Amino acid sequence: MSATAENPPGRTAGAAGAATATAPAPPTRAAAAPAVEERVRARVISDDPLYRAIPVALRFTAAEPLAVRVVFPAELSPEDTDNEWVFPRALLEAGLLAPTGTGDVRVWPCGRVQAVVEFHSPEGVAVIQFDIAALRRFLRRTYAATATAAAAAATR
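Here the structure is a predicted model, which is why all the values come from computation and not from measurement.

Trainee: Talk me through the pattern of salt bridges; I want residue IDs and the actual numbers.
Mentor: One pass over the structure, following the stated rule, counts eight salt bridges. Close ionic contact of R59 with E37 constitutes a salt bridge, the shortest N to O distance being 2.6 Å. Within this pair, whereas R59 is found in strand β2 (residues 52-61), its partner E37 is found in strand β1 (residues 35-45), the two being separated by 22 residues in sequence. Given the relative accessible area of 25%, R59 is considered partly exposed. When its relative accessible area of 32% is taken as the criterion, E37 is described as partly exposed. E64 is paired through a salt bridge with R69; the nearest N and O atoms lie 2.7 Å apart.

Given below as structure tokens:
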């Protein structure tokens, strides 16, 4: 599964310029924005009777307050690179309560303690099951980071 066809590649922060000992470069806005990363174990749902557990990184930065990123390890990608999906934070939050999503990413609760996230790409569909507690913890941390960023911006 490749996210590049369905999701724009993530922006990376470039060098702000050479810093000297007497005049260091000012921090960029992206560098100052609080970031959240939660490493979780998820399960790949397939027709195999045994679940395959995988490490997944959930990422958020206050510089992009409406988006969350789900990053799958390189060994799951045909290109042998990390596979990153970017989608609205609100979609993830709403999907913990009721089925939501009509495009490339769909989310729904699966009982009281699990949630399923389904990723669609030209290469196929991946169905991943997460513990709801881990997703809620991640979302709480993203809102705290957003509040911190807003407070910092208000004091400038």
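We are not done yet, so read on.
Trainee: Tell me about helix α3 (residues 132-155), and please be specific about residues and values.
Mentor: Look at α3: 35 Å from first C-alpha to last across 24 residues, which is about the 34 Å you get at 1.5 Å a residue. Considered for burial, the residues of α3 that qualify are I132, A134, L135, F138, L139, T142 and A145.

Trainee: Outline the packing of aromatic side chains, supporting the account with residue identities and numerical values.
Mentor: Per the counting criterion, the structure on display carries three aromatic pairs. Measuring from centroid to centroid gives 5.2 Å for F72 and F119, while their planes differ by 85 degrees, and the two rings are edge-to-face. Here the residue F72 occupies a position in strand β3 (residues 67-72), and F119 occupies one in strand β6 (residues 114-121), the gap between them amounting to 47 residues. For the pair F72 and F119, one class covers both residues: buried. Taking the centre distance of 5.2 Å and the plane angle of 50 degrees together, the rings of W85 and F119 count as tilted. A residue pair is termed long-range when its members are at least 10 positions apart, and W85 in strand β4 (residues 83-88) and F119 in strand β6 qualify at 34 residues.

Trainee: Account for the confidence of the model for the chain, with residues named and values stated.
Mentor: Averaged over all residues, the pLDDT of the chain is 80; the fraction at 70 or higher stands at 79%. Below pLDDT 50 for its whole length, residues 1-31 participates in 35 contacts with residues either more than four positions away or in separate chains.

Trainee: Help me get a handle on the nonpolar core, residues and values and all.
Mentor: Counting residues in each nonpolar core, the largest one holds 30 residues, and the members touching the most others are V56, F119 and F130. With six residues, the single largest contributor to this core is α3. For V56, the residues in contact, after removing those within four places along its chain, are E38, R39, V40, A42, V70, V71, F72 and F130.

Trainee: Could you give an account of the sheet that holds β1, with specific residues and numbers?
Mentor: On the basis of which strands lie adjacent, the open sheet formed by seven strands has the order β4-β3-β2-β1-β7-β6-β5 and antiparallel pairing. In the strand order of this sheet, the two ends are held by β4 and β5 (105-110), each with one partner. Direction aside, the axes of adjacent strands within the sheet are offset by 30 degrees on average. In terms of strand pairing, β3 meets β4 through six bridges, oriented antiparallel. Paired with V68 across the two strands is F87, which belongs to β4. Each of β1, β2, β3, β6 and β7 (124-131) touches α3; the most contacted strand, β1, lies at about 160 degrees to it.

Trainee: How would you summarise the side chain of E38 if you had to cite specific residues and measurements?
Mentor: Secondary-structure assignment places E38 in strand β1. Leaving out residues up to four positions away in the same chain, E38 has contacts with V56, A57, L58, R137, F138 and R141.

Conventions adopted
- Per chain, residues are indexed from 1 in the order of the written sequence.
- This being a predicted model, a pLDDT of at least 70 is required before a residue's local features are given, and a value of 80 or more before pairs of side-chain atoms are given or counted; all residues contribute to the totals for chains, interfaces and linings.
- Side-chain figures throughout are based on the complete set of non-hydrogen atoms in the structure, without hydrogens or water.
- Think of a salt bridge as a Lys or Arg side-chain nitrogen and an Asp or Glu carboxyl oxygen that are within 4 Å of each other.
- Only DSSP runs of H or I with at least four residues qualify as helices, and only runs of E with at least two residues qualify as strands; both kinds are numbered from the N terminus onward.
- Per-residue accessibility, obtained with a 1.4 Å probe over protein chains only, is compared with the maximum for each type, and a residue is labelled buried under 20%, exposed over 50%, and partly exposed between these values.
- A helix is expected to span 1.5 Å multiplied by its residue count minus one.
- What counts as a ring pair is set by centres within 6.5 Å for rings of Phe, Tyr and Trp (its six-membered ring), and what kind of pair is set by the plane angle: stacked under 30 degrees, edge-to-face over 60, tilted for all other angles.
- The quantity known as pLDDT measures the predictor's confidence residue by residue, on a range of 0 to 100.
- Throughout, a residue-residue contact means that at least one pair of heavy atoms, one from each residue, lies within 4.5 Å.
- In plain words, nonpolar cores are sets of buried Ala, Val, Leu, Ile, Met, Phe, Trp, Tyr and Cys residues tied together by side-chain atoms within 4.5 Å.
- Two strands pair under a simple rule: DSSP has to find at least two bridges between them.
- The axes used here are C-alpha line fits, helices contributing only the stretch in contact, and every angle between their N-to-C directions lies in the interval 0 to 180 degrees.

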